[in-house]
Amino acid sequence: MLQEPAKPGNLQPKELEAVYAISSAVIRAVNTDDALDEIINLTRPVFIFDNIVLYQQRSDKNLEPIHARAIGRGRFLEADLAWGESTAYEAHQINQTLIRVEDLTDVINDRTGIRHYLGIPLRLGEEISGALVFIRFGGPPYLPDQIQLAEFITLHIAQLLERHQLVERIAILEARRRLDNLQDDFIAMISHELLTPLGFIKGYVTTLLREDTFWDEKSRREFLNIINDESDRLRELIDNLMDSSRLQAGTLEMNFQSVRLDTLLQDASVRARSRDENMKVYFNQPIKGLQISADATRLSQVLDNILGNASKYAPNSPIKITVERIDNKVSIVIKDRGPGIPSDHLEQIFQRFYRLPGNTNTSVCGSGLGLYICRKIIEAHNGEISAQSSLGQGTTFNIILPCEQPS
Ligand code: ADP
């Protein structure tokens, strides 16, 4: 080691002032890179250097330059100049401040041929986690007072990195905590969604199997219909869960074919009315015979979900569907006159498992997967889906699809 660790008492007033400004930059730091730049700018008037490189140890024990600046003579030759890597390794390994001079004047005949390196180990907590290297081209050599100042600045940089590590660790812990909560919520919600239809099925099957009671044909049919509907609901939920995980993993394949959009929409409205006899679907200027390239099954799934939602969340409201061709795209607008969705929830309804807070307690069943799946399917068609809404006036879903898929 060249000398004792830096003490602020040895610093000149101007240097003390710079060190004070550096301390406050560390305290104020929001972004580590910006703070490092600020520290470098504050250092430069009190400490001469051309290049500065901060090396940090990676998990494989190698040193990685995480911040480097060429300020003085090397500024225009950045790519050609050495960045003090071996000095950094040595200072880090022996855990001591060191000076190295490299003379390359036989190949480089200007001042950049003589390089004065100052390597200072970087201590983060108990560990040596890297090194800070200053480089002066052509001198002057580093004097003991200057080295103390450089060590003092390195100490501050170490504090900045320590803070950064702490913030990162807190963010990881926070993300883990959120994930745990999300998983708990997910398990609770899915269990509830699976158990509800299963409860009905089990209840009605047990009722039908009772040997001490005779059920007339009408009641038997009614019970069997409930069992049938609840089995469909169970099936739909499991399908949604599987689609959602395939879409999340990007393994759901699309089978693009030429599809007649008017037929697809008509079929979807017939299916919606067969599920909800009160539903009224109106078409505004249908474009007859418009063909687009799409996966018919998946696009039908999107339409079924939006119309199904309209029947669940906007019961008895008329539904208006408008199709329009705009250049080589097609716009499908599905509008209901239900209660609407508050504007701060409009983007979130497309997230996985998102349901409006009021919904979760109501009898309207759902898993919050439908619109997430819709968005993923539309995106897989290179299209876009969005929602607009006015409270008390209804909700509009806009789908934009290209007429042709890129080959
Ligand atoms: P799910 O219906 O299974 O809850 P979705 O992803 O299909 O899930 O919808 C997410 C949420 O968006 C719903 O829980 C509901 O709160 C809201 N929503 C969807 N469509 C409508 C609509 N037409 N009107 C009002 N709210 C709607």
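Residues numbered from 1 in each chain as written. Predicted model: local features only at pLDDT ≥ 70, side-chain atom pairs only at ≥ 80, totals over all residues. Heavy atoms only, no water.

Chemist: Could you give me a rundown of the environment of Y55, with the residues and numbers involved?
Modeler: Within the element layout of this structure, Y55 appears in strand β1 (residues 51-57). As for Y55 and P339, which are separated by 284 residues in sequence, their C-alpha atoms are 58 Å apart. Setting aside residues up to four positions removed in sequence, Y55 forms contacts with L63, E64, P65, W83, G84, E85, A88, L122, S129, G130, A131 and V133. Among the polar contacts listed, one links the side chain of Y55 to the backbone oxygen of W83, at a separation of 2.6 Å. (Helix = DSSP H or I, 4+ residues; strand = E, 2+ residues; numbered from the N terminus. Contact = heavy atoms within 4.5 Å. Polar contact = N/O pair within 3.5 Å; in protein donor to acceptor, adjacent residues only side chain to side chain.)

Chemist: Hey, could you go over the sheet that holds strand β11 (residues 384-390) for me, with residue numbers and the actual values?
Modeler: The five strands lie next to each other as β7-β9-β10-β12-β11, forming an open sheet whose pairing is mixed. Only two strands of the sheet have a single partner each, and these edge strands are β7 (280-284) and β11. Sheet twist, expressed as the average angle between the axes of neighbouring strands with direction ignored, equals 20 degrees. Where strand β10 (residues 329-335) lies against strand β12 (residues 394-402), seven bridges are found, and the strand directions are antiparallel. Within the sheet, the bridge partner assigned to K329 lies in β12 and is P402. (Pairing = 2+ DSSP bridges. Axes fitted to C-alpha atoms, helices over the stretch in contact; angles between N-to-C directions.)

Chemist: Just give me the short version of the nonpolar core, but keep the residues and values in it.
Modeler: Counting 45 residues, the largest nonpolar core has L261, I292, I306, I321 and I349 as its most contacted members. Elements with a minimum of two residues in this core: α6 (261-275), β8 (291-294), α7 (296-313), β9 (318-326), β10, α8 (370-380), β11 and β12. With sequence-adjacent residues up to four places away left out, L261 is seen in contact with L290, I292, L299, V323, V330 and I332. Formed by 32 residues, the second largest nonpolar core is a distinct cluster that contains V26, L118, L122 and A150. (Core = buried A, V, L, I, M, F, W, Y, C linked by side-chain atoms within 4.5 Å. Buried < 20%, exposed > 50% of the residue type's maximum accessible area, 1.4 Å probe, protein only.)

Chemist: Account for the pattern of salt bridges, naming residues and giving values.
Modeler: One pass over the structure, following the stated rule, counts 16 salt bridges. Here D212 ties to R210 by a salt bridge, and the two come within 3.2 Å at their closest N and O atoms. We classify R210 as partly exposed; its relative accessible area is 45%. Salt bridges sharing common partners tie together E174, R177 and R178. (Salt bridge = Lys/Arg side-chain N within 4 Å of Asp/Glu carboxyl O.)

Chemist: Please give an account of the packing of aromatic side chains that cites residues and values.
Modeler: For the structure on display, the rule yields seven aromatic pairs. When the centroid spacing of 6.2 Å and the interplanar angle of 35 degrees are considered together, the rings of F47 and F49 count as tilted. Exposure remark for F47: the relative accessible area of 1% places this residue in the buried category. Taking the relative accessible area as the measure of exposure, F49 reaches 0% and is therefore buried. Taken together, the ring pairs connect F47, F49, F134 and Y142 into an aromatic cluster. Above the plane of the ring of F49 lies R44, whose end atom (NZ or CZ) is 5.7 Å from the centre. When the ring centre of F47 is taken as origin, the NZ or CZ atom of R136, which lies over that ring, is 5.1 Å away. (Phe/Tyr/Trp six-rings, centres within 6.5 Å; stacked < 30°, edge-to-face > 60°. Lys NZ or Arg CZ within 6 Å of the ring centre and 35° of its normal.)

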